[in-house]
Amino acid sequence: KCPADAETLGHTIAQFAAKWKVRGAERVVLGLPGQMVLGRFFELPPTMKAKARDAAILYEAKHQIPYPLQELVWHPHVVKHTGEDGNMIEASVALLATHTKNVNERLKPLADQGITVDAVQSECVALHNLMHFEYFDTAESPSQSDRTEAIVAVDVGAQGTNFVVCSSGQLWSRSFAVAGDAFTRALVSRFRLTSQQAEAVKKRIDKAPQIHEAASALEVPFHNLQSEIKRSLERACQVHTGLRIKH
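These remarks concern the structure in this document. (Residues numbered from 1 in each chain as written. Predicted model: local features only at pLDDT ≥ 70, side-chain atom pairs only at ≥ 80, totals over all residues. Heavy atoms only, no water.)

**Focus on the side chain of Asn162**
Relative to the elements of secondary structure, Asn162 occurs in strand β7 (residues 161-167). Side-chain polar atoms of Asn162 contact the side chain of Ser175, separated by 2.7 Å. When sequence neighbours within four positions are dropped, the list of residues in contact with Asn162 reads Gly34, Glu123, Cys124, Ala153, Val154, Asp155, Arg174 and Ser175. (Helix = DSSP H or I, 4+ residues; strand = E, 2+ residues; numbered from the N terminus. Polar contact = N/O pair within 3.5 Å; in protein donor to acceptor, adjacent residues only side chain to side chain. Contact = heavy atoms within 4.5 Å.)

Below you can see the structure in the form of C-alpha cells.
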C-alpha cells in the first residue's frame, strides 16, 4: 500500500534509486500485488490458427472478466503443449488483468523520480517465473507426466497472500486477504498493544511474556490462512485435472 504522503513516498523511491542505481538501469519492472490482478485460466483446442485463437481469447476475456475491457490493462500468456510425436495437443492460457488506474497510480511516483518502467508484472507471475527457472527451465520439451508435476509457493505478505502453482507448462494463482496484518491485529486486540508492539511479539512469539495466550490469539488467523490455502489448492486441482503437487 502506497503511503498517503506523496513527499515521503518520493523520498523513499529516491533513496532506493540512488542505493541500487535504478536510474538508467538496463531494465526496470514494476510488480503489482496479486490482489490487484485478476487471473483467469483456461484451455484452447490445439488446432486453432493464430487469428481464431486471438478471437477466442478476446471472447473469454469479455465473458470471464467482470469489468469493461477498456478500463483494464490485460494480457494473455499462451503456453503450447506438444505430444511425444511433436504435434501440438493443447494450449493453456493465463489471462491477467488489472484496472488501468492501478498501473498509473504506481507509475507516477517512479516517473516523478526519473525512473522509466519497462514492464509491469503481477507478483504471482514473478514468483511463477522464479520457480519455473529454478525447477522446470530445461532445453528438453516436457513429457505429459512432467507437465502434471507442480510446485506450490505460498507468499505471505502484510496485506495479502499469493498462492502460486507452477509446472513446466502451466500457471495458476490466487490471492487472498488473510496475511501478516491479520496476525498483528489479533495480538493488538488480545493484549491492547500498539501495532509496532504487536509486530515485535509476532516476530519473536517464543519470547512473549504470555506465550500460551499469544499462541491462542493467533489460532483464528492461522485457521483462516490454512482454510484459504486448502481452498486454493482444491480450486487449482479442479482447473488442472491430474495435477500432482511435488512440494
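**Observations regarding the packing of aromatic side chains**
Following the criterion strictly, the structure yields three aromatic pairs and no others. Aromatic pair Phe163 and Trp172: ring centres 6.3 Å apart, planes at 80 degrees, arrangement edge-to-face. Judged by its relative accessible area of 5%, Trp172 is buried. Through successive ring pairs, a cluster of aromatic residues spans Phe41, Phe163 and Trp172. (Phe/Tyr/Trp six-rings, centres within 6.5 Å; stacked < 30°, edge-to-face > 60°. Buried < 20%, exposed > 50% of the residue type's maximum accessible area, 1.4 Å probe, protein only.)

**A word on the nonpolar core**
Met131, Val164, Val165, Leu171, Trp172 and Leu187 are the most contacted members of the largest nonpolar core, which has 34 residues in total. Contact partners of Leu171, with chain neighbours within four places excluded, come to Phe41, Ala94, Val125, His128, Val164, Val165 and His240. In terms of nonpolar packing, the next biggest core, distinct from the first, is built from 12 residues, Ile57, Ile65, Leu69 and Ala97 among them. (Core = buried A, V, L, I, M, F, W, Y, C linked by side-chain atoms within 4.5 Å.)

**With respect to the pattern of salt bridges**
On inspection of all chains with the given rule, the structure shows eight salt bridges. The salt bridge partner of Lys202 is Glu199, with a shortest N-O separation of 3.2 Å. Remark: Glu199 and Lys202 occur in helix α7 (residues 195-203); sequence separation between them is three residues, near one turn of the helix. Taking the relative accessible area as the measure of exposure, Lys202 reaches 24% and is therefore partly exposed. With a closest N to O distance of 3.1 Å, Arg231 and Glu228 form a salt bridge. Here Arg231 and its partner Glu228 are both found in helix α9 (residues 219-239), three residues apart, which amounts to about one turn of the helix. On the basis of relative accessibility, which here comes to 16%, the residue Glu228 falls in the buried class. Taken together, the shared-partner salt bridges in this structure form one network comprising Arg174, Glu228 and Arg231. (Salt bridge = Lys/Arg side-chain N within 4 Å of Asp/Glu carboxyl O.)

**Focus on the pairing of strand β6 (residues 149-156)**
Pairing analysis gives two bridges linking β6 to strand β9 (residues 244-245), with the strands arranged parallel. When the bridges of β9 are listed, Glu149 appears paired with Arg244. Inspection of the sheet shows β6 paired to β7 by seven bridges, in the antiparallel sense. Within β7, the residue paired with Ala153 across the bridge is Val164. (Pairing = 2+ DSSP bridges.)

Fair warning: the whole summary comes from geometry, so function is off the table for now.
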